[in-house]
There are 2 protein chains.
Amino acid sequence: MQPADNFEIGARIRAARERVGLTQAALALQVGVTRSAVAQWETGRAGQVGGHLAQIAAVLGLGIDHLLRGGAAQSLAQEFGERALTGDELALLRLYRNCQADDRTILLRMARRFSQIEEK
Amino acid sequence: MQPADNFEIGARIRAARERVGLTQAALALQVGVTRSAVAQWETGRAGQVGGHLAQIAAVLGLGIDHLLRGGAAQSLAQEFGERALTGDELALLRLYRNCQADDRTILLRMARRFSQIEEK
DNA sequence: ACGATATGTGAAAAATTCTAACGGGTCTAT
DNA sequence: ATAGACCCGTTAGAATTTTTCACATATCGT
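Procedures and definitions
Residues numbered from 1 in each chain as written. Chains lettered and ligands numbered in written order. Predicted model: local features only at pLDDT ≥ 70, side-chain atom pairs only at ≥ 80, totals over all residues. Heavy atoms only, no water. pLDDT = per-residue confidence, 0-100. Helix = DSSP H or I, 4+ residues; strand = E, 2+ residues; numbered from the N terminus. Contact = heavy atoms within 4.5 Å. Buried < 20%, exposed > 50% of the residue type's maximum accessible area, 1.4 Å probe, protein only. Salt bridge = Lys/Arg side-chain N within 4 Å of Asp/Glu carboxyl O. Near = heavy atom within 4 Å. Polar contact = N/O pair within 3.5 Å; in protein donor to acceptor, adjacent residues only side chain to side chain. Nonpolar A, V, L, I, M, F, W, Y, C, P; charged D, E, K, R; others polar.

**Concerning the confidence of the model for chain A**
Residue and element names in this part refer to chain A. Taken over all residues, the pLDDT of chain A has a mean of 74, while the share at 70 or more is 75%. Per-element averaging of pLDDT across chain A places strand β1 (residues 79-80) at the bottom with 41 and helix α3 (residues 35-42) at the top with 92. Below pLDDT 50 for its whole length, residues 72-82 participates in 30 contacts with residues either more than four positions away or in separate chains. Complex prediction metrics read pTM 0.63 and ipTM 0.64.

Now the structure itself:
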């Protein structure tokens, strides 16, 4: 694989990671490597991310095709209403599901406060 | 990645190769490796097929998701597909979509704080 | 200024991948 | 029965890659 491709994969990893609000250390923890491995992926030092592709894609809410090829790969077309879920929305859902019930209540209340929908 | 996963990837490579009528040597030629590398992929000896995924998928007419995961690959969406979204999760998504960008950031950060996936 | 946090990078250890070579099974022609 | 062609499985090790560790720099809040 060309070095330029590696850099582009790394750039997509970084963009997705920042979009879901993770640090390199957080992504590394969820994938199962050290932070500097993630840094090297993102700066194109690694030849390719090899055996961690599926895990990276899952954590970041990306399709593997998108990770490898870029473009508008839509493996993530999860329908909600008429729009697919974005990466940050999937991240929010994953995090929310791992919250305790009272913390979920707090999150919902805050979302209501912030939201521009009036609820009756 | 678990050895069983490697074997399953190899089994999918072999099934697709036979379906398109190629020998190991022919596949190796088109991908750009030696025949024994292909044999090792198919018998699960290689950790994973790493940098050749896209090439193998192209030659065999497979999606990369299918190669890695098998089945009707749905990437991360399956995790949520297995469990339908609950009412509060739908509410959270709806509210989140109607938030401003900086409020979304706050919600994500709080979700990360509450979540038991928290790093560090 | 200081501490915490996030990230980039050099060097080297650790791991992996691939090649070359060997061996075995099957099939066909002689 | 034998030889040759073809296909594939496996081993050992060279080559390459990946990951870790440790250090450095920048930014931000106090």
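**Some points on the environment of Leu62(A)**
Mapped onto the elements of the fold, Leu62(A) is located in the loop between α4 (53-60) and α5 (64-69). Since its relative accessible area comes to 6%, Leu62(A) is described here as buried.

**Examining the pattern of salt bridges**
Residues and elements named next belong to chain A. Enumeration according to the criterion identifies four salt bridges over all chains in this entry. The salt bridge involving Arg14 is made with Glu42; its shortest N-O contact spans 3.4 Å. You can see Arg14 sitting in helix α1 (residues 3-19) and its partner Glu42 sitting in helix α3, a full 28 residues away along the chain. Residue Arg14 is classed as partly exposed on the basis of its relative accessible area of 29%.

**Focus on the protein's contact with DNA strand D**
Near DNA strand D lie 21 residues; those nearest to it are Thr34(A), Gln40(A), Gly47(A), Gln24(B) and Arg35(B). A share of 52% is what sugar and phosphate atoms reach among the atoms of DNA strand D within 4 Å of the protein. One of the side-chain nitrogen or oxygen atoms of Arg17(B) is found 3.3 Å away from a phosphate oxygen of DNA strand D. A distance of 3.0 Å separates a phosphate oxygen of DNA strand D from a polar atom in the side chain of Arg45(B). Looking at the surface near DNA strand D, the elements with two or more residues in it are α3 of chain A together with α1 (3-19) and α3 (35-42) of chain B. The dominant element in the surface near DNA strand D, judged by the number of residues it contributes, is α3(A), at five residues. Of the residues in the surface near DNA strand D, the class split is five nonpolar, eleven polar and five charged.

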